[in-house]
Amino acid sequence: MFNLILFGPPGSGKGTQSERLITKYGLKHLSTGDLLRSEIVAQTPLGIEAKKIMDKGQLVPDEVVIGMISSALDNNPNAKGFLFDGFPRTVAQAEALDKLLKLKDTQINAMISLLVSEEELIKRLLNRGLTSGRSDDTNEEVIRARIVEYRNKTSVVADYYKQFDKLAEIKGEGSIDEIFEALQNEIEKHMVV
Ligand code: B4P
């Protein structure tokens with residue numbers, strides 16, 4: 001199996017690049033943001049609670065997202081690998097993911113982090129907010145709160161993988177094609193041929 005984490009602040013291009021990477025490498029895409037938004041659309045109790053938190057730009061509690069990822073792993077027993085997008089976002093989530101993968105006799109092969117300036121993140125998210133219908137993209141204050149959550153709780157997750165020599169950083173600014181190319185070059189260094 002090949003298991004990859006695509007990492008970066010909100011608006012760094014994780015969702016955009018994940019779409020291309022899953023097609024190229026045949027990985028199963030697991031985006032906690034997408035899973036939470038499906039719960040919101042279905043108006044489940046989990047979705048209703050999650051929306052309140054997401055609309056403030058805060059992180060949903062660890063146990064909720066860990067539970068969603070655990071079920072998604074169980075529901076895809078034949079996957080040849082997973083692309084984790086937007087997860088893990090805290091060290092507790094990273095530790096839980098390690099345990100879940102270990103139970104399946106597998107592990108994370110690499111984390112690739114997309115580096116993008118704050119000014120560019122805000123520009124991209126406000127721009128997406130014009131068409132996405134996402135309430136967390138339309139208000140600059142909420143976008144800034146998401147970036148602060150990233151700085152305070154999520155950026156340390158990169159150090160967690162760095163200690164195991166699994167972290168690679170690439171520039172997340174430039175055209176979508178250029179970034180996709182850089183991602184492929186990095187992934188292929190980590191893939192066993
Ligand atoms: P996510 O759904 O993960 O969303 P995101 O971080 O905002 O977006 P992403 O980074 O994927 O967007 P992309 O750059 O592709 O999270 C939403 C919320 O859910 C969180 O705030 C949190 O509340 C909750 N949540 C999710 N996972 C959680 C977890 N594990 N724990 C706790 N809470 C969790 O796209 C941005 C825009 O940039 C797009 O419009 C795109 O077209 C554009 N773009 C992309 N690449 C570009 C480029 N190279 N140049 C110009 N524009 C580009």
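Whatever comes next refers back to the structure up there.
Residues numbered from 1 in each chain as written. Predicted model: local features only at pLDDT ≥ 70, side-chain atom pairs only at ≥ 80, totals over all residues. Heavy atoms only, no water.

Colleague: Which parts of the structure should I look at to understand the overall build of the protein chain?
Modeller: When helices and strands are tallied, the protein chain shows 9 helices and 5 strands. Ordered by position from N to C terminus, the α and β elements of the protein chain give β-α-β-α-α-α-β-α-β-α-α-α-β-α. Reported as C-alpha extents along the three principal axes, the dimensions of the protein chain are approximately 45 × 40 × 30 Å. Of all 193 residues assigned to the protein chain, the portion counted as buried reaches 46%. Taken as a whole, the protein chain presents about 10,100 Å² of accessible surface, with 51% of it coming from carbon and sulfur. Between the averaged position of the 25 positive side-chain charges in the protein chain and that of its 29 negative side-chain charges there is a distance of 1 Å. (Helix = DSSP H or I, 4+ residues; strand = E, 2+ residues; numbered from the N terminus. Buried < 20%, exposed > 50% of the residue type's maximum accessible area, 1.4 Å probe, protein only. Areas by Shrake-Rupley, 256 points an atom, 1.4 Å probe, with all protein chains shown as cover. Lys, Arg positive; Asp, Glu negative; His and termini not counted. Charge placed at Lys NZ, Arg CZ, Asp CG, Glu CD.)

Colleague: I'm lost on the packing of aromatic side chains in this one. Help?
Modeller: Aromatic rings considered in pairs are described by the distance between their centres and by the relative angle of their planes. A complete count under the given rule lists 5 aromatic pairs for this structure. Between Y160 and F164, the aromatic rings sit 5.4 Å apart at their centres with planes inclined by 80°, giving edge-to-face as the arrangement. Look at Y160 and you get buried, because its relative accessible area is 11%. Joined through ring pairs, the aromatic side chains of F82, F84 and F87 make up one cluster. It is R20 that lies over the ring of F180; its NZ or CZ is 5.4 Å from the centre. (Phe/Tyr/Trp six-rings, centres within 6.5 Å; stacked < 30°, edge-to-face > 60°. Lys NZ or Arg CZ within 6 Å of the ring centre and 35° of its normal.)

Colleague: Explain the packing of helix 4 (residues 62-74) against helix 5 (residues 91-103) to me, please; I cannot follow it from the model alone.
Modeller: When two helices pack together, their arrangement is given by the angle between the helix axes and by the axis-to-axis distance. Packing of helix 4 against helix 5 leaves a shortest axis separation of 10 Å and a crossing angle of 25°. Here helix 4 lies roughly parallel to helix 5, going by the angle between them. By crossing handedness, the relation of helix 4 to helix 5 is classed as right-handed. The segment helix 4 lies against helix 5, with D62, V65, I66, I69, S70 and L73 engaging A92, Q93, A96, L97, L100 and L101. Residues of the contact of helix 4 with helix 5, tallied by class, amount to 9 nonpolar, 2 polar and 1 charged. (Axes fitted to C-alpha atoms, helices over the stretch in contact; angles between N-to-C directions. Parallel < 35°, antiparallel > 145°, perpendicular 65-115°, else oblique. Left-handed = near helix turned anticlockwise from the far one by under 90°. Contact = heavy atoms within 4.5 Å. Nonpolar A, V, L, I, M, F, W, Y, C, P; charged D, E, K, R; others polar.)

Colleague: Explain the side chain of E149 here, please?
Modeller: By the secondary structure assignment, E149 is in helix 7 (residues 140-154). Leaving out residues up to four positions away in the same chain, E149 has contacts with G57, Q58, L59 and T154.

Colleague: Can you walk me through the site of the ligand in this structure?
Modeller: Close contacts around the ligand come from 29 residues, with G13, T16, T32, Q58 and R146 the closest. Interatomic distance of 2.9 Å between a backbone N/O atom of G15 and an oxygen atom of the ligand. For the ligand, the protein covers 88% of the area, taking 1,000 Å² as the surface of the free molecule. Spatially, the ligand is embedded in the largest pocket. Of all the elements in the fold, those that place two or more residues in the shell around the ligand are helix 1 (14-25), helix 2 (32-41), helix 6 (118-132) and helix 9 (176-190). For the shell around the ligand, the element with the highest residue contribution is helix 2, accounting for 4 residues. Considered class by class, the residues forming the shell around the ligand number 10 nonpolar, 11 polar and 8 charged. (Near = heavy atom within 4 Å. Polar contact = N/O pair within 3.5 Å; in protein donor to acceptor, adjacent residues only side chain to side chain. 1 Å grid on protein atoms, 1.4 Å probe; cavity = no way out; pocket = protein on both sides within 12 Å on 5 of 7 lines; lining within 4 Å. Sits in = over half its atoms within 2 Å of the grid points.)

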